[in-house]
Amino acid sequence: MNTIEKYKKYVNISMVEKVQPVVIEKAHGVLVTDTNGKEYIDCFSGIAVVNAGHCNEKVIEAAKAQMDKLVHCCSYVYYSKPTADLAEKLAQVTPGKLTKSFFGNGGAEAIEGALRLAKQFTGRTEFISLQASFHGRSYATLSITGFSGRKKRGGPYMTGCSFLPAPYCYRCFFELEYPRCNLRCAKALEDIILYNTYGNVACFIAEPILGEGGIITPPDDYFLEIEKILKRREILFLADEVQTGFCRTGRMFGIEHYGVEPDILAVAKGIADGFPLSAFIAREEVADSFKPGDHLSTFGGNPVSCAAALANIEFLEEQNLAQKTLEKGNFLKARLESLKTKYKIMGEIRGKGLMIGIELVRGPISKDPAQTEGKKIQEICLEKGLLIGLGGIYGNVLRIQPPLVISQEQMEEAIKILELAFSKVD
Ligand SMILES: Cc1ncc(COP(=O)(O)O)c(C=O)c1O
């Protein structure tokens, strides 16, 4: 049996529409190679994970050196140097007074723990999140996810979860237009607290850019308005930076674009360039509200993943990848905007840094979501050697999220392939 046949027989893949028909053998930097030797430019990064590039030398070297010394002894039963060093680094690079990290293995686990911490600190039990958000596949994280495509057939969900209309300007819930809307969607937080909760809200949780929801990018002053309301009501702000973290948006963390400081910040994906690791980082007084017995993880803070993460963050800093990502993103967006005048299927181009979404529609007025065309574009790209993602609430948003080390040449080539694909469906 070959790999695809084994997958069909032994790997439970019934929950995905399809696995892309490519068996990946190796990857380096931005290039991925399949078992037939065909090369692809990767513009999806394993769902926005390998920010520093596939098999980044510095990261791999650090992980290998750690593997020769210690792989696991449980970082919450005994002290582990790489875990301590990474926590110190995270305290330095995260905004504001965030200093204490709890380590887990994946994004959902980080959000789940952060929700628990918010409850512990505030003594309250309710949560507010955004429509169109995605926070993970565990029970609590699906409960606060505002994306029915991800929740279907899984309910009933946790009580005490309320949803605020998303800052989705292209399809505004209030049918208003920014900036004349006066940030109605942010101000609605007051209404949600008043009408949908019983006044016992522990935290508001949001992604700085809603990734799975379709790279929905809030207006620049959105979170300042949200922060005002939260501060007035002493509700914590939990930033889900699982997808926006580690320079993806052109800043170390996505929330830095908005000039607000979260009380808890959750990270995963890009933290260790592909090694499984997650964390939530909180202000000391918030973090210390966990009491003995309240939380733990067997694998969390694994020394190999932590050593990889530390090397990864050092690499991002040394290479000044935040700034470079901003510049590359601006270049790509400008080129895509120029294509938009030619291909009417390109409804909106949005995002920050190298977290770019192209919302596909069947007409600029109807904005009828073009999902099948999206799948076709993704297929053509694959055939021509370009990996891209497809997501969004309606499944009609192309996701361009390459490793941040992508070169000018590779960006040009990616645009060329994308244009060819647009020309075939438009
Ligand atoms: C914003 C956000 N939060 C949480 C998660 C869940 O992360 P994981 O799949 O590592 O559990 C994701 C995954 O896509 C995400 O994008």
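Above this text is the structure in question.
Residues numbered from 1 in each chain as written. Predicted model: local features only at pLDDT ≥ 70, side-chain atom pairs only at ≥ 80, totals over all residues. Heavy atoms only, no water.

Participant: For this particular structure, what's the right way to read the overall build of the chain?
Facilitator: Helix and strand content of the chain: 14 helices and 15 strands. The C-alpha atoms of the chain give a radius of gyration of 21 Å, which matches the 22 Å a tight globule of 426 residues would have. Within the span of the chain, comprising 426 residues, buried residues form 56% of the whole. Here the contacts in the chain between residues at least 6 apart in sequence split such that 74% fall between residues at least 24 apart. Carbon and sulfur atoms make up 53% of the accessible area of the chain, which totals about 19,000 Å². Of the side chains in the chain, 51 bear a positive and 51 a negative charge, and the two mean positions are spaced by 4 Å. (Helix = DSSP H or I, 4+ residues; strand = E, 2+ residues; numbered from the N terminus. Rg over C-alpha atoms; globule rule 2.2 N^0.38 Å. Buried < 20%, exposed > 50% of the residue type's maximum accessible area, 1.4 Å probe, protein only. Contact = heavy atoms within 4.5 Å. Areas by Shrake-Rupley, 256 points an atom, 1.4 Å probe, with all protein chains shown as cover. Lys, Arg positive; Asp, Glu negative; His and termini not counted. Charge placed at Lys NZ, Arg CZ, Asp CG, Glu CD.)

Participant: Quick question: what am I supposed to make of the site of the ligand here?
Facilitator: Every residue close to the ligand is listed here: G106, G107, A108, F134, H135, G136, E207, E212, D240, V242, Q243 and K269. Measuring from an oxygen atom of the ligand, one finds a backbone N or O atom of G107 at 2.7 Å. At 2.8 Å, a backbone N or O of A108 approaches an oxygen atom of the ligand. Summarising the interface, the protein chains cover 80% of the accessible area of the ligand, which totals 390 Å² for the free molecule. (Near = heavy atom within 4 Å. Polar contact = N/O pair within 3.5 Å; in protein donor to acceptor, adjacent residues only side chain to side chain.)

Participant: I would appreciate a short explanation of the pattern of salt bridges in the present structure.
Facilitator: Here the idea is simple: oppositely charged side chains can pair when their charged atoms come close. Inspection of every chain in the model, using the stated rule, returns 28 salt bridges. Between D263 and R283 there is a salt bridge; the shortest N-O distance is 2.3 Å. Linking D263 in the loop between strand 8 (236–240) and strand 9 (264–267) with R283 in strand 10 (residues 278–283), this pair joins segments that are 20 residues apart in sequence. Here D263 matches R283 in class, with each residue buried. The partner of R283 in a salt bridge is E285, with the nearest N and O atoms 2.8 Å apart. The class of R283 is buried, set by a relative accessible area of 18%. Through salt bridges with shared partners, one network takes in R171, E348, R350 and E359. (Salt bridge = Lys/Arg side-chain N within 4 Å of Asp/Glu carboxyl O.)

Participant: How should I be thinking about the packing of helix 4 (residues 81–93) against helix 11 (residues 303–318) in this particular structure?
Facilitator: Each pair of packed helices can be described by the angle between their axes along with the distance between the axes. Running from N to C, helix 4 and helix 11 cross one another at 35°; their axes reach a closest spacing of 8 Å. Viewed along their axes, helix 4 and helix 11 form a crossing whose handedness is left-handed. Between helix 4 and helix 11, the residues in contact are P82, T83, D85, L86, K89, L90 and V93 and P303, C306, A307, A309, L310, I313 and E317, respectively. Of the residues in the contact of helix 4 with helix 11, the class split is ten nonpolar, one polar and three charged. (Axes fitted to C-alpha atoms, helices over the stretch in contact; angles between N-to-C directions. Left-handed = near helix turned anticlockwise from the far one by under 90°. Nonpolar A, V, L, I, M, F, W, Y, C, P; charged D, E, K, R; others polar.)

Function-wise, these values are silent; they only describe arrangement.
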